[in-house]
Amino acid sequence: MQTKEAEVNFQDATIQDVVVYPLKKFVDERGWLAELFRHDEIAEEFYPAMSYISLTKPGLTRGPHEHIDQADLFCFIGPSHFDLRLWDNRPDSPTFGNMMTLRVGDENPAAVIIPKGIVHAYRNAGPVDGMVINCPNRLYMGEGKGAPVDEIRHEDDPETIFRMD
């Protein structure tokens, strides 16, 4: 259950259940390769059900939004770098009210698992179009795209307290 935005004063601190791990590039004369996830390295509840890739223009933001049931596994490997902000909006969490900000991307390749109930947004802070891969643990709109979208879109609220600035 999510709370009303006005009830929370977020503070900079780590958030329980958020997992951040480096993405290692294996480089040779052909270019590079990176493993994004392995089932023997992440909890089963976060196993991906699908994946997609997005390109974000410099200076632009995606989010903030949160999911009721879905967890995201974002992979920031380049090109460009991103400021990723997370807000723990789970009233039953010991880190409720905490906010994390990470710089991830081509200079700091990382994967970030964002559990349900964590509000999240990212901004391309680099000079070029930035690529992000997401491997969520739920299908977008469910089987056959017949279910409602699992998303609370705070970005649609001009009065939201969830801001990148």
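In short, a report on the structure.

### Details of the pairing of strand β11 (residues 118-124)
(1) Moving on: Summarising burial for β11: 6 of the 7 residues are buried, a large majority.
(2) Moving on: Sheet analysis places strand β6 (residues 61-66) next to β11, joined by 3 bridges and oriented antiparallel. By the bridge assignment for β11, H65 is matched with H120.
(3) Moving on: Here strand β8 (residues 81-88) runs beside β11; their pairing, made up of 7 bridges, is antiparallel.

### Some remarks on the layout of surface pockets
The probe, sized like a water molecule, is rolled over the atoms to show the empty space still left.
(1) Moving on: Within this model, the largest pocket holds a volume of roughly 480 Å³.
(2) Moving on: Along the walls of the largest pocket sit 26 residues, with Y52, H65, H67, Y140 and E151 positioned nearest its centre.
(3) Moving on: Elements represented by at least two residues in the lining of the largest pocket include exactly β5 (52-56), β6, β7 (72-76) and β11.
(4) Moving on: At 3 residues, the largest contribution of residues to the lining of the largest pocket is made by β6.

### Digging into the pattern of salt bridges
(1) Moving on: Using the criterion set out here, one finds 12 salt bridges in the structure.
(2) Moving on: We note a salt bridge from R103 to D83, for which the minimum N-O separation is 2.5 Å. Taken as a pair, R103 in strand β9 (residues 98-105) and D83 in strand β8 lie far apart in primary sequence, 20 residues in all.
(3) Moving on: Between R153 and D156 there is a salt bridge, with its nearest N and O atoms 3.1 Å apart.
(4) Moving on: Assessed through its relative accessible area of 40%, R153 is described here as partly exposed.
(5) Moving on: Each of the salt bridges in this network shares a partner with another, and the network as a whole consists of E35, R38, D40 and E41.

Definitions and limits used
- Throughout this description, residue numbers start from 1 for each chain and increase along the sequence as written.
- Residues qualify for local features only when their pLDDT is at least 70, as the model is predicted, and side-chain atom pairs are given and counted only at 80 or more; totals for whole chains, interfaces and linings, by contrast, use all residues.
- The side-chain values count all of the structure's non-hydrogen atoms but skip hydrogen atoms and water molecules.
- For each residue, the accessible area found with a 1.4 Å probe, counting protein chains only, is set against the maximum for its type, and the residue is called buried under 20%, exposed over 50%, and partly exposed in between.
- Helical segments are the DSSP runs of H or I of at least four residues, strand segments are the runs of E of at least two, and each set is numbered from the N terminus.
- In this description, strands pair whenever DSSP reports at least two bridges between them.
- Here a cavity denotes a set of grid points, spaced 1 Å apart and computed over the protein atoms alone, in which a 1.4 Å probe fits but from which it cannot get out, and a pocket denotes an open set meeting protein on both sides within 12 Å along at least five of seven lines; residues with an atom within 4 Å of a point are reported as lining.
- Grid points are joined across faces, edges and corners, and a volume is the space filled by probe spheres set on the points.
- Salt bridges, as used here, are contacts in which a Lys or Arg side-chain nitrogen is within 4 Å of a carboxyl oxygen on Asp or Glu.

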